[in-house]
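Here is how the chains run, residue by residue.
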Amino acid sequence: MKVVVVGSNGQLGSDVVRAFADNGDEVLPLTHADIEIADGESVTNKLRALEPSLVVNTAAMHHVENCELQPERAFAVNALGARNLARAARDIGATLVHVSTDYVFDGSKVSPYDEGDPPRPLSVYGNTKLAGEYFVRATLDQHFVLRTSAIYGKSHCRAKSGLNFIQLMLKLAKERGEVRVVDSEFVTPTATPDLARQIVALSRCENYGLYHATAEGACSWFEFAREIFALTNTKVTLKVAGPDEFPAKVPRPKYSVLENRGLKRLGINTFAPWQEGLRDYLGVSPSHTAAVTR
Ligand SMILES: NC(=O)c1ccc[n+]([C@@H]2O[C@H](COP(=O)([O-])OP(=O)(O)OC[C@H]3O[C@@H](n4cnc5c(N)ncnc54)[C@H](OP(=O)(O)O)[C@@H]3O)[C@@H](O)[C@H]2O)c1
């Protein structure tokens, strides 16, 4: 397969490039310097010149506070950018894998969201990503829209330029000896190499549509931190943060756990429990005792 990866030097994009290359595919990585997805002409010209059979879009404007400050730009990238890629893919007969988010949900459920649950985003980011999903689904039959959650990888997240949650927890533990983390927001931490492998597996089939794609299980950010410290034998006092200690500038879903129902139905769900992805990331042996079982 000839595969274009858009956002190829991003946190997820870097692992997507690696996963397709490991699979023996021809990979054409595109960074933001190579393509501007908000510009339809740039997208059409690039894809026409490269003629891939598959396009994987990992590019987005996903810093939630910046999206609130610049809603037009967020819509241009997350919604129109997705449409531009879908149109260009349709014109050259390519399939599009488009990465979306758990933030399309409002978090009012208390059990995992599946693909049939109605979305109701709380933020500009969530709304523009949902609009992007709709554009892709309305424009191109040969699409896979994948919603994922709380991703982390070895390459840093370019939009949030800094440390990922794991690195931040370890840094704070070392510097302060005490760390306080919220226990009221539930997600599924998903390692980017695992998501990248799932994208490769899904791209081999023709069951186009919308898929949830996260590691198995769920945890609060507090439980995620507890597991990080347990697996790294970090000496730290971990406490639950008070309800007003870290006030969010932008509303976020309290519960955005996703169920990979579509992938399971096809029998191609390759994800393991989130603790396994974390162990791999930290380079910890599988026999190490897990702290969190929820
Ligand atoms: N991070 C999370 O926890 C999370 C959770 C759920 C879903 N997602 C989704 O997962 C995907 C990947 O996230 P990530 O963490 O890997 O992001 P990332 O590290 O910020 O990478 C995004 C990539 O897209 C490029 N890009 C941004 N705007 C672009 C544009 N207008 N045209 C072309 N390229 C552009 C960036 O280049 P520059 O940096 O040079 O601009 C970067 O290479 C996104 O769709 C995001 O919405 C993320």
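Look above for the structure.
Another aspect to go through is the sheet that holds strand E1 (residues 2–6). Within the open sheet, the six strands sit side by side as E2-E1-E3-E4-E5-E10. Their pairing is parallel. Two strands bound the open sheet, and with one partner strand each, they are strand E2 (26–30) and strand E10 (209–212). Ignoring which end each strand starts from, the neighbouring axes of this sheet average 20° apart. Where E1 lies against E2, five bridges are found, and the strand directions are parallel. When the sheet's bridge partners are listed, valine 4 is paired in E2 with leucine 28. Its contacts with the sheet put helix H5 (residues 124–139) on strand E4 (95–101), strand E5 (143–148) and E10, and the angle it makes with E4 is roughly 160°.

Lining the immediate environment of the ligand, one finds 28 residues, of which Asn9, Leu12, His32, Tyr125 and Arg158 sit closest. One nitrogen or oxygen atom from the main chain of isoleucine 151 is found 3.2 Å from an oxygen atom belonging to the ligand. Protein contacts shield 90% of the accessible area of the ligand, which totals 910 Å² for the unbound molecule. Those elements that place two or more of their residues in the shell around the ligand are helix H1 (11–22), helix H4 (71–92), E4 and H5.

Bringing the packing of helix H2 (residues 40–50) against H4 into the picture now. Between two packed helices, both the angle of their axes relative to each other and the distance between the axes serve to describe the pair. Contact geometry of H2 with H4 gives a least axis separation of 9 Å together with a crossing angle of 35°. Our pair here, H2 against H4, has a crossing hand that is right-handed. Counting all contacts with H2, which are made through Gly40, Val43, Thr44, Leu47 and Arg48, the residues of H4 involved are Asn84, Leu85, Ala88, Ala89, Asp91 and Ile92. Here the residues of the contact of H2 with H4 sort into six nonpolar, three polar and two charged.

Below, the discussion takes up the environment of asparagine 57. Mapped onto the secondary structure, asparagine 57 falls in strand E3 (residues 54–57). Judged by its relative accessible area of 1%, asparagine 57 is buried. Remark: the alpha-carbon pair of asparagine 57 and valine 145, spanning 88 residues in sequence, is separated by 9.7 Å. Each residue touching asparagine 57, except ones within four places of it in the same chain, is listed here: Val6, Ile37, Leu85, Leu96, Val97, His98 and Val99. Of the polar contacts made by the side chain of asparagine 57, one reaches the backbone nitrogen of alanine 59; its length is 2.9 Å.

Summed over the entire model, instances satisfying the criterion amount to 16 salt bridges. With its nearest N and O atoms 2.8 Å apart, the salt bridge here joins aspartate 117 to lysine 109. Among the salt bridges present, the one from lysine 264 reaches glutamate 259, with a minimum N-O distance of 3.0 Å. One salt-bridge network, held together by shared partners, links Glu178, Arg180, Lys239 and Glu245.

This part is about the packing of H1 against helix H7 (residues 192–203). Contact pair H1 / H7: the axes reach a minimum separation of 8 Å and the direction vectors enclose 50°. Between H1 and H7, the crossing angle belongs to the class labelled oblique. Here the hand of the crossing between H1 and H7 comes out right-handed. Between H1 and H7, the residues in contact are Gln11, Leu12, Asp15, Val16, Ala19 and Phe20 and Thr192, Pro193, Leu195, Ala196, Arg197, Ile199, Val200 and Ser203, respectively. For the contact of H1 with H7, a count of residues per class yields nine nonpolar, three polar and two charged.

What follows deals with the side chain of serine 8. Among the structural elements, serine 8 can be located in the loop between E1 and H1. Apart from residues no more than four positions distant in its own chain, serine 8 is found in contact with Gly13, Ser14, Val17, Pro29, Leu30 and Thr31.

Val4, Val6, Val43, Leu47, Val55, Leu85 and Leu96 are the most contacted members of the largest nonpolar core, which totals 28 residues. Elements with a minimum of two residues in this core: E1, E2, H2, helix H3 (64–69), H4 and H5. For this core, the element with the most residues is H4, which contributes seven residues. Those residues in contact with leucine 47 that lie beyond four places of it in its chain are Val4, Pro52, Val55, Leu85, Ala88, Ala89 and Ile92. Formed by 23 residues, the second largest nonpolar core is a distinct cluster that contains Phe20, Val99, Leu195 and Ile199.

Here the focus is the environment of glycine 267. Within the fold, glycine 267 resides in the loop between helix H9 (261–266) and helix H10 (274–282). Overall, glycine 267 belongs to the exposed group, its relative accessible area being 63%.

The rules behind these values
- Residues numbered from 1 in each chain as written.
- Predicted model: local features only at pLDDT ≥ 70, side-chain atom pairs only at ≥ 80, totals over all residues.
- Heavy atoms only, no water.
- Pairing = 2+ DSSP bridges.
- Helix = DSSP H or I, 4+ residues; strand = E, 2+ residues; numbered from the N terminus.
- Axes fitted to C-alpha atoms, helices over the stretch in contact; angles between N-to-C directions.
- Contact = heavy atoms within 4.5 Å.
- Near = heavy atom within 4 Å.
- Polar contact = N/O pair within 3.5 Å; in protein donor to acceptor, adjacent residues only side chain to side chain.
- Areas by Shrake-Rupley, 256 points an atom, 1.4 Å probe, with all protein chains shown as cover.
- Left-handed = near helix turned anticlockwise from the far one by under 90°.
- Nonpolar A, V, L, I, M, F, W, Y, C, P; charged D, E, K, R; others polar.
- Buried < 20%, exposed > 50% of the residue type's maximum accessible area, 1.4 Å probe, protein only.
- Salt bridge = Lys/Arg side-chain N within 4 Å of Asp/Glu carboxyl O.
- Parallel < 35°, antiparallel > 145°, perpendicular 65-115°, else oblique.
- Core = buried A, V, L, I, M, F, W, Y, C linked by side-chain atoms within 4.5 Å.

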